[in-house]
Amino acid sequence: MYRAINASNLTAKELDFRETFEAYTSIYVGDNDSHHNYMANFWVDRMADMLEQIHLQLGYSNLNNFLTTFAYPTGIPKDFYKGLAWEGLKYEEVKGWKNKTKEQKDEIDFHIDKAKYGTKNCN
């Protein structure tokens, strides 16, 4: 994000990103987590999509076997990847996290725990 907002000779897409980013973060002036708020509101679904697309290509066969055999026998759900995307954004100051219900937070933590448990025996 920093490269996109601080680059010189911006492309139209980068300029649009910077303007959107600056407009959004200006809402949270003085908020130490303005960048995390931005990511929580605009990037969780996109990060989940990217994680889902590259997951099988990462070569974590033990994790993949665990997930499809034990944790999610009918297939790995999109919520698993959303949980992974939320892992770095689960802070009280992040409004997207703070505004979630206990049930929503528990669901996200459930998927994160599955990933953590499944990586214990990965190489």
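Residues numbered from 1 in each chain as written. Predicted model: local features only at pLDDT ≥ 70, side-chain atom pairs only at ≥ 80, totals over all residues. Heavy atoms only, no water.

Caption draft 1: Summary view of the packing of aromatic side chains. Under the definition given, this model contains 6 aromatic pairs. Arranged with centres 6.1 Å apart and planes meeting at 80 degrees, the rings of Phe17 and Tyr38 form a pair that is edge-to-face. A residue pair is termed long-range when its members are at least 10 positions apart, and Phe17 in helix α2 (residues 12-27) and Tyr38 in helix α3 (residues 34-42) qualify at 21 residues. Relative accessible area serves as the criterion here: at 17%, Phe17 is assigned to the buried category. The interplanar angle of 65 degrees and the centroid separation of 6.3 Å between the aromatic rings of Phe17 and Trp43 together place this pair among those described as edge-to-face. With Phe17 in helix α2 and Trp43 in the loop between α3 and α4 (44-55), this pair connects stretches of sequence that are 26 residues apart. Grouping aromatic residues by their ring pairs yields a cluster made of Phe17, Tyr38, Phe42 and Trp43. (Phe/Tyr/Trp six-rings, centres within 6.5 Å; stacked < 30°, edge-to-face > 60°. Helix = DSSP H or I, 4+ residues; strand = E, 2+ residues; numbered from the N terminus. Buried < 20%, exposed > 50% of the residue type's maximum accessible area, 1.4 Å probe, protein only.)

Caption draft 2: Inspection of the packing of helix α6 (residues 78-86) against helix α8 (residues 102-118) at higher detail. Remark: α6 packs on α8, axes separated minimally by 8 Å, with the N-to-C direction vectors making an angle of 90 degrees. Put simply, α6 runs roughly perpendicular to α8. For the pair α6 and α8, contact is made by Asp79, Phe80, Gly83, Leu84 and Trp86 and by Glu107, Ile108, His111, Ile112 and Ala115, respectively. (Axes fitted to C-alpha atoms, helices over the stretch in contact; angles between N-to-C directions. Parallel < 35°, antiparallel > 145°, perpendicular 65-115°, else oblique. Contact = heavy atoms within 4.5 Å.)

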